[in-house]
Amino acid sequence: MDTTGERPARSDAEAMIAEAKKALWVMVGLLALLWAIQVVNAVGGYGLSHEFGIETRDPASLPEIFTAPLLHYGWDHIEANSGPLFVFGFLAAYRGVKKWLGVSLLIIVASGLGIWFTSPSLAVTVGASGLVFGYFGYVIVRGLFDRHPIDIVIGLVMALCFAYQFTSLLPTEEGVSWQGHLFGFAGGIVGGWLFRDRRPKTPLLSD
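Residues numbered from 1 in each chain as written. Predicted model: local features only at pLDDT ≥ 70, side-chain atom pairs only at ≥ 80, totals over all residues. Heavy atoms only, no water.

- As recorded in an unreviewed UniProt entry, the protein chain goes by Rhomboid family intramembrane serine protease and comes from Amycolatopsis melonis.
- The protein chain has a UniProt comment under Subcellular location (unreviewed entry) that states "Membrane". (UniProt positions renumbered as here; feature names shortened; annotations may be inferred.)

What follows is the structure in C-alpha cells.
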C-alpha cells in the first residue's frame, strides 16, 4: 500500500496542531500581561493610561502607539476587550505565531496612527480594541487570500456571528474610539494580503 500521500498530510496536521498549542499559550500569556498591567494601573489611579496613552497629534506621543494597546481605563474596559481579543487573537495566530507577530505589529501601527491623526484634540486613547478589530478583519479575509477552505469557513462564521461588531467601526457611541476600531480593522485586512501564503505557481507543461 502506498502511504506516501498520507505522510505529508499527517505532518501538516501535526505542525498545525503544534502551532495552535503555541498560539493558545501566547494568547493566555498576552491576557495575563494585560491583566497584570491593569492591576498596577488601577492601584495607581490609572496614571499609566494618561501617561502612556496616545495623545492626538502630539509628536511626543507617537511612541505611545506601542504602549496604548496594553492599557485600559477601567475594569469594564478590559473585561469587554479580553474575550474577543482571546478568540480573534487565537484564530489569527493558530497557523503561525511568527506571522501573527507581524500582523499584530501592522495592526498596532495602523490603529495607533489612525487614532493619532483623527481622534478629537486633547484626547488620550488607550485600549486593546484596535487589536481586537484588527484580528477580526484579518480572520475574515485570511482564507480568501490564502485559499485555505477551513479559514474561509472560519472567516464567514466569524463575520456572521459577530456582525454587530461592524457598528463599532462608525461614530455611534460617545467616548469610544471608533477611529482605533476602523483603522485597526483596515490594518487587519491589509495584513491578510501582505502576510498571505505565497504558494509556488504550478509550472506550465509542454509535450
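Moving on from the coordinates now.
### Considering the environment of Val43
Turning to step 1, where the next piece is worked out: Considering the arrangement of structural elements, one finds Val43 in helix α1 (residues 6–43).
Turning to step 2, where the next piece is worked out: For the pair Val43 and Asp197, spaced 154 residues apart in sequence, the C-alpha separation works out to 44 Å. (Helix = DSSP H or I, 4+ residues; strand = E, 2+ residues; numbered from the N terminus.)

### Notes on the packing of helix α5 (residues 129–146) against helix α6 (residues 149–161)
Turning to step 1, where the next piece is worked out: With their axes 7 Å apart at the nearest point, α5 and α6 run at an angle of 140° to one another. By crossing handedness, the relation of α5 to α6 is classed as left-handed. Residues Phe136, Val139, Ile140, Arg142, Gly143 and Leu144 of α5 pack against Asp151, Ile152, Ile154, Gly155, Met158 and Ala159 of α6. (Axes fitted to C-alpha atoms, helices over the stretch in contact; angles between N-to-C directions. Left-handed = near helix turned anticlockwise from the far one by under 90°. Contact = heavy atoms within 4.5 Å.)

### A look at empty space enclosed by the protein
Turning to step 1, where the next piece is worked out: In total, this model carries 2 cavities of 30 Å³ or more according to the counting rule given.
Turning to step 2, where the next piece is worked out: The calculated volume of the largest cavity comes to roughly 130 Å³.
Turning to step 3, where the next piece is worked out: For the lining of the largest cavity, the secondary-structure elements that each account for two or more residues are α4 (97–118) and α5.
Turning to step 4, where the next piece is worked out: Residue contributions to the lining of the largest cavity peak at 5 residues, all from α4.
Turning to step 5, where the next piece is worked out: Among the residues making up the lining of the largest cavity, the classes are represented as 9 nonpolar, 8 polar and no charged. (1 Å grid on protein atoms, 1.4 Å probe; cavity = no way out; pocket = protein on both sides within 12 Å on 5 of 7 lines; lining within 4 Å. Points joined across faces, edges and corners; volume = space filled by probe spheres on them. Nonpolar A, V, L, I, M, F, W, Y, C, P; charged D, E, K, R; others polar.)

### Regarding the layout of surface pockets
Turning to step 1, where the next piece is worked out: A volume near 660 Å³ is recorded for the largest pocket.
Turning to step 2, where the next piece is worked out: Ser129, Gly175, Val176, Ser177 and His181 are, among the 26 residues lining the largest pocket, the residues nearest its centre.
Turning to step 3, where the next piece is worked out: Of all elements in the fold, only α3 (75–93), β2 (124–125), α5 and α7 (178–194) reach the threshold of two or more residues within the lining of the largest pocket.
Turning to step 4, where the next piece is worked out: Among the residues making up the lining of the largest pocket, the classes are represented as 13 nonpolar, 12 polar and 1 charged.

### Quick word on α3
Turning to step 1, where the next piece is worked out: Here α3 is 19 residues long and its end C-alpha atoms lie 26 Å apart, about the 27 Å a rise of 1.5 Å per residue gives.
Turning to step 2, where the next piece is worked out: At Leu85, α3 is bent by approximately 25°, the largest bend along its length. (Expected span 1.5 Å × (residues − 1). Bend = angle between axes of the 7 residues up to and from the residue.)

### So, the packing of aromatic side chains
Turning to step 1, where the next piece is worked out: Tallying each qualifying case throughout the model produces 11 aromatic pairs.
Turning to step 2, where the next piece is worked out: Ring centres of Phe145 and Trp193 lie 5.5 Å apart, and the angle between their planes is 75°; on these two criteria the pair is classed as edge-to-face. Linking Phe145 in helix α5 with Trp193 in helix α7, this pair joins segments that are 48 residues apart in sequence.
Turning to step 3, where the next piece is worked out: Members of the aromatic cluster, connected to one another through ring pairs, are Phe88, Phe136, Phe162, Tyr164, Phe166 and Phe185.
Turning to step 4, where the next piece is worked out: Lying across the ring of Trp193, Arg196 places its NZ or CZ 3.6 Å from the centre. (Phe/Tyr/Trp six-rings, centres within 6.5 Å; stacked < 30°, edge-to-face > 60°. Lys NZ or Arg CZ within 6 Å of the ring centre and 35° of its normal.)

### Some points on the pattern of salt bridges
Turning to step 1, where the next piece is worked out: Counted according to the given criterion, the structure contains 4 salt bridges.
Turning to step 2, where the next piece is worked out: Where Asp151 meets Arg142, a salt bridge forms, and the shortest distance between an N and an O atom there is 3.5 Å.
Turning to step 3, where the next piece is worked out: Taking the relative accessible area as the measure of exposure, Arg142 reaches 2% and is therefore buried. (Salt bridge = Lys/Arg side-chain N within 4 Å of Asp/Glu carboxyl O. Buried < 20%, exposed > 50% of the residue type's maximum accessible area, 1.4 Å probe, protein only.)

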